[in-house]
Amino acid sequence: MTTPALKLDNIAKIFGGLRAIDGVSFEVAPRQIFGLIGPNGAGKTTAFNCISGVYTPEQGTISFFGQSIAGRPPSQIAALGIARTFQNIRLFGDMTVLENVMVAGHATISFGPLAAMFRLRKQAEEQERLATRAYELLRIFELDSLAGEFSKSLPYGSQRKLEIARALMLNPKLLLLDEPAAGMNSREADSLKNQIRWLRDTFDLTIVLVEHNMQVVMNVCEQVHCVDHGQTIASGEPLHVQNHPAVRTAYLGADVDESTLRQS
Amino acid sequence: MIWTYRTAVSIALIAALFVINWALDAFVIEYVVRIILQCGINAILAVGLNLINGTTGQFSLGHAGFMAVGAYATAFAVIHLESGLGFSASNIPAPWMQGLLLSVGLLFGALFAGLAGLLVGAPSLRLRGDYLAIVTLGFAEIIRLIFTNTEALGGATGYSGGRPLGLPVYTNFFWVFLWAILLITLIGNFTFSSYGRALRAIREDEIATEALGINTTRMKVLASVISAAAVGVAGGLFAHLMGTIRPDDFKMDRSVAMIVMILIGGLGSVSGAIIGAIFVAVTLEAMRDIQQYRLLAYSLLLIGLMIARPQGLLGSRELRLPAFLRRKRGGAA
C-alpha cells in the first residue's frame, strides 16, 4: 500500500460552541480525484481551510505524503506542494493576468531583497524564468492573449481558469478546488469534467474538490466523501455514496414518520 | 556590460549634481535653494512611505517616528565622529570631509530607523486597516516621548550636539540629491522586482497571497524596515539642514504631510510620490504666511483632491522615461 497523498485523521475544528468539523477522517490516494460533498454548512470549506493552513484544527492530524502538516502556516503548506483555489475567486484585481501568475513563483526565487534593490544579474534571470513559466501556463489555459489585462476586467469563466493557472505555478502535487463549478451553466459544467481529468493527467496531480454540482462530482470523482454537520456520513465510490440512505436524508430530509407527527 | 553602463550613468549623474550644486551656490539665493533641498528630502520621505502605505497597502500613520530616529541617530553619529576625529569650531572639516561625515551619519540613521521599523513592524503589521494606523500612530508618539525625556539627547529643547551653534549644516544640494537618487533607485528596483509584486499581491488579497507560499508577515516587515530606513535617511538630511532637531519637529502633522504627498501623487506609484513630494514642499512654502492654518489647508486640499481625483494625480501608474532613454529590460514584464 502506497502512502496516501493526503490523510486526515479524526480532525476537529471548533468555533466557540460550533463543531464545524468533528472527527472527520479520510485518505486520498496519489493521482486520485476525490470529492468532498455535503449540504451547505456541512464543514467542507472548513476542512479545506484546515488542510491549507488557514485554520489550525483543535484535534487530529493531517499528513501530506506522510508528512504532518496540521498547524503549519499556509505559506509553508503551499511551499510543500498544496495549492488551492477559493470558493469566491480571490485574484489580485489590480494586477495584470501575467503578474497574477508570476506572483505564485515568488517563493521559489533565489535572490534576496538586496539583489532586487541593486538589480543584479541573477534577478533578471529569475524574472525571465518566472515570466516564461507563467506564459506557458497562460498559453495552456488560453489566457496568453490577455496577459497584459487587469485580472479584474476578465469575465468570470476566465477568472476561474486564471485562478487555477496561478495555483499551478506553485508546481503543486495536490490541488484543492473549492467549488470549481459554482456559477457555471450546465454546458460549462460539462466541459469542466473533462478539464479536471485533463488537469490531473497533464500536471500529474492529486485533486480534491468541494462541489455542489452532483453531476460533476458523480462523473469525475473516483472517491467521494460526504459530510453533514461536521461529521462523516458516507464514504466510498460515487454510486455507493449517492445511494446511501444517510446522504439522501441529509440532502432531501428524512421521510416523515407519521407517528412522530401525531405525537407533536 | 551591465556594470559599465551603470558606471557611466553614475559618473554622469555625480558630475551633473556637482555642477548644479556649484551653480546653485553661485547664482541662486539661499531661500530658493532650501526649497529645492526640501523637495529632495520630501521625495525620499514620500517614496519611502509609499513602499508600505501604497505598494503594500498597510496604512502607517507613524512615519514621523522613524524620521525622528533617523534624525537623532545621524546627528548623534556625526557629532561623535567629528569630535572623535579631532574636528572642532576652529578646525572645520573640508567640504568633501563634511559630506563624508554626513553620509556615514546617514548610514547610522538608516540603520537605527530600519531597526525601529523592525521593532514597530513586527508586532503591529499583524493588524489591519484602522487598527494598524492607530498602533503606528501610537508608536510614533512613544518614540517622540522617548526623545523628549532623554536628557542626553537634549530633551524637549532638542538636540544640537552640545554646541552653541547647533548641528553642523552639511546638507547641501549634492548630498541630498545623491542620496535621493540612490534611495529612489533602490526602492524603485525593489518595487518592480518579484518582491514588489508580492507586496502588491498582499495589498490586493492577503489570504490568497499566503496561499501562494508567500510569508506575508515577513514580507510586510521587510517592506516596513526598508521604508523606515529610507525615511530615517531623510530625517538625517533634515537634521543637518535645520541645524537643530526637536521632538516637536516629528509630531503627527509630519506623518500627515507625508501621507498627503503620496495621496496627491497616487498611492502605489513611485513617480507619483516624487511629484506629490515636490508639490507639498512648494505649497508649504507658499502657505508660509498662514503657518498655523497649514493643517487646515492640507485638509481642504485633500478633500478637494478626493472629490476631483480620488486616485491621486498618477493613480497607481508610473511616469516612464522616453523610449530612447530606457534600457531594455530582461524578460517580458
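What counts, and at which threshold
Residues numbered from 1 in each chain as written. Chains lettered and ligands numbered in written order. Predicted model: local features only at pLDDT ≥ 70, side-chain atom pairs only at ≥ 80, totals over all residues. Heavy atoms only, no water. Buried < 20%, exposed > 50% of the residue type's maximum accessible area, 1.4 Å probe, protein only. Helix = DSSP H or I, 4+ residues; strand = E, 2+ residues; numbered from the N terminus. pLDDT = per-residue confidence, 0-100. Contact = heavy atoms within 4.5 Å. Buried area = accessible area lost by both parts, 1.4 Å probe. Salt bridge = Lys/Arg side-chain N within 4 Å of Asp/Glu carboxyl O. Axes fitted to C-alpha atoms, helices over the stretch in contact; angles between N-to-C directions. Parallel < 35°, antiparallel > 145°, perpendicular 65-115°, else oblique. Nonpolar A, V, L, I, M, F, W, Y, C, P; charged D, E, K, R; others polar. Pairing = 2+ DSSP bridges. Core = buried A, V, L, I, M, F, W, Y, C linked by side-chain atoms within 4.5 Å. Domains from an automatic or database assignment. Polar contact = N/O pair within 3.5 Å; in protein donor to acceptor, adjacent residues only side chain to side chain. Phe/Tyr/Trp six-rings, centres within 6.5 Å; stacked < 30°, edge-to-face > 60°. Expected span 1.5 Å × (residues − 1). Arc of directions from axis to C-beta.

(A) Geometry of helix H1 (residues 44–52) of chain A. Residues and elements named next belong to chain A. Within H1, 8 of the 9 residues are buried, which leaves it mostly tucked inside the rest of the structure. Those residues of H1 lying buried are Lys44, Thr46, Ala47, Phe48, Asn49, Cys50, Ile51 and Ser52. Of the residues flanking the end of H1, it is Gly53, one or two places downstream, whose phi is positive at about 95°.

(B) Inspection of the confidence of the model for chain B at higher detail. In the predicted model, chain B carries a mean pLDDT of 89, and the fraction of residues at 70 or more is 95%. Contacts of residues 328–333 of chain B to residues separated by more than four positions or lying in other chains number 10 contacts, the stretch itself having pLDDT below 50.

(C) Structural view of the interface of chain B and chain A. Taken together, the 34 residues of chain B in the interface contact 38 residues of chain A. Of the roughly 3,200 Å² buried between chain B and chain A, counting both surfaces, carbon and sulfur atoms make up 63%. Between the two partners, chain B and chain A, sit 2 salt bridges. Between Glu99(A) and Arg200(B) there is a salt bridge whose closest N-O contact spans 2.7 Å.

(D) Looking closely at the packing of helix H2 (residues 30–55) of chain B against helix H10 (residues 252–265) of chain B. All names here are of chain B. Axis separation between H2 and H10 bottoms out at 9 Å; the angle between their running directions is 75°. Classified by the angle their axes make, H2 and H10 are roughly perpendicular. Packed against H2, whose contacting residues are Asn42, Leu45, Ala46, Leu49, Asn50 and Asn53, the element H10 presents Met258, Ile259, Met261 and Ile262 at the interface. A class-by-class count of the residues in the contact of H2 with H10 yields 7 nonpolar, 3 polar and no charged.

(E) View of the pairing of strand E10 (residues 231–236) of chain A. Residues and elements named next belong to chain A. As defined by bridge partners, strand E9 (residues 223–228) adjoins E10 across 5 bridges and the pair is classed as antiparallel. Along E10, the bridge assignment pairs Asp228 with Gln231. Hairpin remark: E9 followed by E10, antiparallel, with 2 residues in the connecting loop; positive phi at His229, about 45°.

(F) Here's a closer look at the nonpolar core. Ranked by internal contacts, the top residues of the largest apolar core, which has 151 residues, are Ile207(A), Leu237(B), Ile245(B) and Phe250(B). No other element matches the 14 residues that helix H9 (residues 216–242) of chain B contributes to this core. Both of domain 1 (1–81 + 172–264) and domain 2 (91–170) of chain A provide at least three residues apiece to this core. Setting aside its immediate chain neighbours within four residues, Ile207(A) contacts Gln32(A), Ile33(A), Phe34(A), Leu174(A), Leu175(A), Leu177(A), Ile196(A), Leu199(A) and Arg200(A). In this structure, Leu6(A), Ile21(A), Val24(A) and Val28(A) belong to the second largest nonpolar core, which totals 24 residues.

(G) Looking closely at the side chain of Thr74(B). All names here are of chain B. With respect to the helices and strands, the residue Thr74 is situated in helix H3 (residues 63–84). Within the local environment of Thr74, its side chain forms a polar contact with the backbone oxygen of Gly105, the two atoms lying 3.4 Å apart. Sequence-distant contacts of Thr74, that is, excluding residues within four places in its chain, are made with Leu102, Gly105, Leu106, Gly109, Gly232, Gly236 and His240.

(H) Region of the structure containing the domain arrangement of chain A. All names here are of chain A. For chain A, the assigned domains read domain 1 (1–81 + 172–264) and domain 2 (91–170). Here the C-alpha centroids of domain 1 and domain 2 sit 29 Å apart. Between domain 1 and domain 2, the residue contacts involve 14 residues of the former and 9 residues of the latter. Both faces combined, the contact of domain 1 with domain 2 buries some 950 Å², and carbon together with sulfur accounts for 78% of it. Of all residues in domain 1, Pro172, Trp198 and Phe203 bury the most surface against domain 2, accounting for 39% of the area lost on that side. Between domain 1 and domain 2 we count 0 salt bridges in total. Remark: the boundary between domain 1 and domain 2 carries 1 residue pair in polar contact (both at pLDDT 80 or more). Where the side of domain 1 that touches domain 2 is concerned, the elements lending two or more residues are strand E7 (174–178) and helix H7 (186–203).

(I) How the structure looks around the sheet that holds E9(A). Residue and element names in this part refer to chain A. With respect to topology, 6 strands assemble into an open sheet ordered E6-E7-E8-E3-E9-E10, the strand pairing being mixed. If you trace the sheet from one side to the other, it starts and ends with strand E6 (82–84) and E10, each paired once. The mean angle between the axes of side-by-side strands here comes to 20°, regardless of whether they run parallel or antiparallel. Alignment of strand E3 (residues 33–37) against strand E8 (residues 206–210), held across 4 bridges, turns out to be parallel. Along E8, the bridge assignment pairs Leu36 with Val210.

(J) Structural detail: the confidence of the model for chain A. Taken over all residues, the pLDDT of chain A has a mean of 90, while the share at 70 or more is 95%. Of all the helices and strands in chain A, helix H11 (residues 258–263) of chain A carries the lowest mean pLDDT, 54, while helix H3 (residues 97–103) of chain A carries the highest, 96.

(K) Inspection of the environment of Met252(B) at higher detail. Residue and element names in this part refer to chain B. In this structure, Met252 sits in helix H10. Assessed through its relative accessible area of 37%, Met252 is described here as partly exposed. Measuring from C-alpha to C-alpha, the distance between Met252 and Leu61 comes to 7.8 Å, with 191 residues separating the pair along the chain. Here Met252 is in contact with Leu61 and Leu137, once residues within four sequence places are set aside.

(L) Just the sheet that holds strand E4 (residues 59–64) of chain A, in detail. Residue and element names in this part refer to chain A. Pairing in this open sheet of 4 strands is antiparallel, and the strands run E2-E1-E4-E5 from one edge to the other. In this open sheet, the two strands that pair with only one neighbour each are strand E2 (18–28) and strand E5 (67–68). Bridging between strand E1 (residues 6–15) and E2 involves 8 bridges; their strand directions are antiparallel. Bridged to Lys13 within E2 is Ile21.

(M) Molecular detail of the packing of aromatic side chains. All names here are of chain B. The final tally for this structure, using the stated rule, is 15 aromatic pairs over all chains. Centroid distance Phe18 to Phe174: 6.1 Å. Interplanar angle 85°. Geometry classified as edge-to-face. Of the two residues, Phe18 sits in helix H1 (residues 2–27) while Phe174 sits in helix H6 (residues 173–191), which places them 156 residues apart along the sequence. Measuring from ring centre to ring centre gives 5.8 Å for Phe238 and Phe250, while their planes differ by 70°; the resulting arrangement is edge-to-face.

(N) Summary view of helix H12 (residues 294–308) of chain B. All names here are of chain B. The end-to-end C-alpha distance of H12 is 21 Å, a good match for the 21 Å that 15 residues give at a rise of 1.5 Å each. When H12 is considered as a whole, its buried residues turn out to be Arg294, Ala297, Tyr298 and Leu305. Projected down its long axis, H12 carries its buried residues within an arc of 105°, all on one side. Exposed and facing more than 90 degrees away from the buried side of H12 are Leu296, Leu300 and Ile307. Of the surrounding secondary structure, the elements contacted by the buried residues of H12 are H10 and helix H11 (270–286).

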